[in-house]
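For reference, the chains in residue letters:
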Amino acid sequence: MARKIENSEELDLQDTEEDKDSAGSTENSAQDSSDADTRSSAKTKVQVVNTPHTKKPLRTPSHILRITLIWCFVIVMYLLSYPFLSVRMYITDDLEVTTDHSVIQYVLASQSTVDQAQEELQAALDGLEKSDEEKQEYDEDISDIAQLGTANYTWNTIVAETVNADALKELIDKAAAVSRKDYTEESVSVLNTAVLRARKVLCSSVQITQSALQMIMGGSIAEAFGVMESLGLSIMHSMFAVTLAVLPFACFLALCFDKNKHIKHIFVIIGSIVCLFVIFFTLYPHVGIGAVLSVIMYILILVLNLFSIYAKQQEDYIVAHPEEEAAFTESHPQFVKALINAKSFNRNLHLPTKQEQETQTARNVKKRQNKKKKK
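Below, the structure is looked at part by part. (Residues numbered from 1 in each chain as written. Predicted model: local features only at pLDDT ≥ 70, side-chain atom pairs only at ≥ 80, totals over all residues. Heavy atoms only, no water.)

## Quick look at the sheet that holds strand β3 (residues 152-156)
Here four strands make up an open sheet; going across it, the order is β2-β1-β4-β3 and the pairing antiparallel. Strands at the two margins of the open sheet, each flanked by one partner only, are β2 (97-98) and β3. (Pairing = 2+ DSSP bridges. Helix = DSSP H or I, 4+ residues; strand = E, 2+ residues; numbered from the N terminus.)

Below, the structure is given as structure tokens:
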């Protein structure tokens with residue numbers, strides 16, 4: 001029994017020594033891990049960067065309307081490339097150009113009439129006489145400008161099925177491609193008359209369209225028939241087209257640079273009314289799709305401009321009277337954004353004291369009571 005007790009005591013002593021060893025090993029491992037953490041933290045230093053918060057102003061109704069008006073004028077300037085003038089022209093029996101289709105009487109030409117017109121046009125082409133060399137040298141200097149298209153022409157012809165007019169049509173295209181500045185005025189006049197007579201034989205009509213940009217470059221609708229005597233009409237169209245291009249650009253710049261005043265509203269009103277006047281009194285009734293869309297845009301711009309004036313006046317009032325913030329918050333909460341922006345960015349803004357706020361609140365209550373009594 002004594003031997004068994006001693007053996008058990010020895011076992012207990014061995015267990016306690018093993019526990020101590022294991023505890024020591026865990027302590028060593030914990031210490032090693034903590035040392036490793038301190039080393040890693042010492043190697044990787046965390047740098048805290050304090051980025052200042054940049055506060056942006058709120059989008060007030062006047063600001064939103066100003067941006068909308070800017071985009072409206074961008075669309076208006078883009079529409080300048082669309083047809084502003086659209087008219088169908090006819091040739092009378094006297095070889096005059098007219099837009100009145102009621103005076104036109106179409107008679108289908110016979111083959112002999114077509115052949116006679118072809119011979120006359122061929123003779124006019126063969127009879128072209130060169131102009132003097134000095135005039136040719138001057139015309140060569142402006143040849144690049146003369147080659148710019150000042151209108152778009154879409155021709156329609158009416159020919160009987162039994163008549164072959166292909167040769168006559170080819171001669172007409174050849175005559176249209178002739179550079180008239182290289183020949184004398186007498187021979188060019190004969191050629192133009194022959195072209196008009198040939199087109200009359202073919203019962204021709206032409207749909208002419210001009211964009212505002214083409215009108216700026218000059219050129220009149222009579223050029224389609226070789227008539228070069230409408231210089232005054234070309235200049236008038238060019239001046240009106242310049243107005244349609246310059247005024248929208250001026251309004252665009254005013255809206256971009258004027259953010260806090262009513263100068264932009266004056267520009268928008270004057271520019272829109274003048275452009276509408278030009279479209280209605282110079283192009284009507286021969287208006288193209290570009291002119292129609294521009295009229296719609298200008299009416300929309302005038303309506304938005306009125307809203308912008310009202311919004312700017314309300315915002316200026318609430319900024320000038322910050323004591324009425326509570327009343328405006330109930331009736332017009334969108335306009336209070338201007339006052340919030342002024343408080344955030346305008347250091348010279350006079351904020352009402354507590355006594356002024358109480359006085360204004362009492363006035364508002366008294367106004368409401370008076371309104372209720374009147375009702």
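## Here's the deal with the packing of helix α3 (residues 111-126) against helix α6 (residues 166-176)
It is the contact of α3 with α6, at a shortest axis distance of 9 Å, that shows an interaxial angle of 25°. Considered as vectors, α3 and α6 are oriented roughly parallel to each other. In terms of crossing hand, the pair formed by α3 and α6 is left-handed. Packed against α3, whose contacting residues are V114, A117, Q118, L121, Q122 and L125, the element α6 presents A167, L168, L171, I172, K174 and A175 at the interface. (Axes fitted to C-alpha atoms, helices over the stretch in contact; angles between N-to-C directions. Parallel < 35°, antiparallel > 145°, perpendicular 65-115°, else oblique. Left-handed = near helix turned anticlockwise from the far one by under 90°. Contact = heavy atoms within 4.5 Å.)

## What to know about the nonpolar core
One finds F73, F84, L244, I279, Y298 and I301 to be the most contacted residues of the largest nonpolar core, which totals 36 residues. When residues in this core are grouped by element, the largest group, eight residues, is from helix α11 (residues 289-320). Residues within four places of L244 in sequence aside, it is in contact with L80, F84, C275, V278, I279 and Y298. (Core = buried A, V, L, I, M, F, W, Y, C linked by side-chain atoms within 4.5 Å. Buried < 20%, exposed > 50% of the residue type's maximum accessible area, 1.4 Å probe, protein only.)

## A short note on the environment of L85
Within the fold, L85 resides in strand β1 (residues 83-91). Separated by 197 residues in sequence, L85 and T282 place their C-alpha atoms 9.7 Å apart.

## Points about the pattern of salt bridges
Scanning all chains against the criterion turns up five salt bridges. Between E120 and R197 there is a salt bridge, with the nearest N and O atoms lying 2.5 Å from each other. You can see E120 sitting in helix α3 and its partner R197 sitting in helix α7 (residues 185-201), a full 77 residues away along the chain. Notably, a salt bridge pairs D182 with K181, separated by 4.0 Å at the nearest N-O pair. Residue K181 is classed as partly exposed on the basis of its relative accessible area of 27%. (Salt bridge = Lys/Arg side-chain N within 4 Å of Asp/Glu carboxyl O.)

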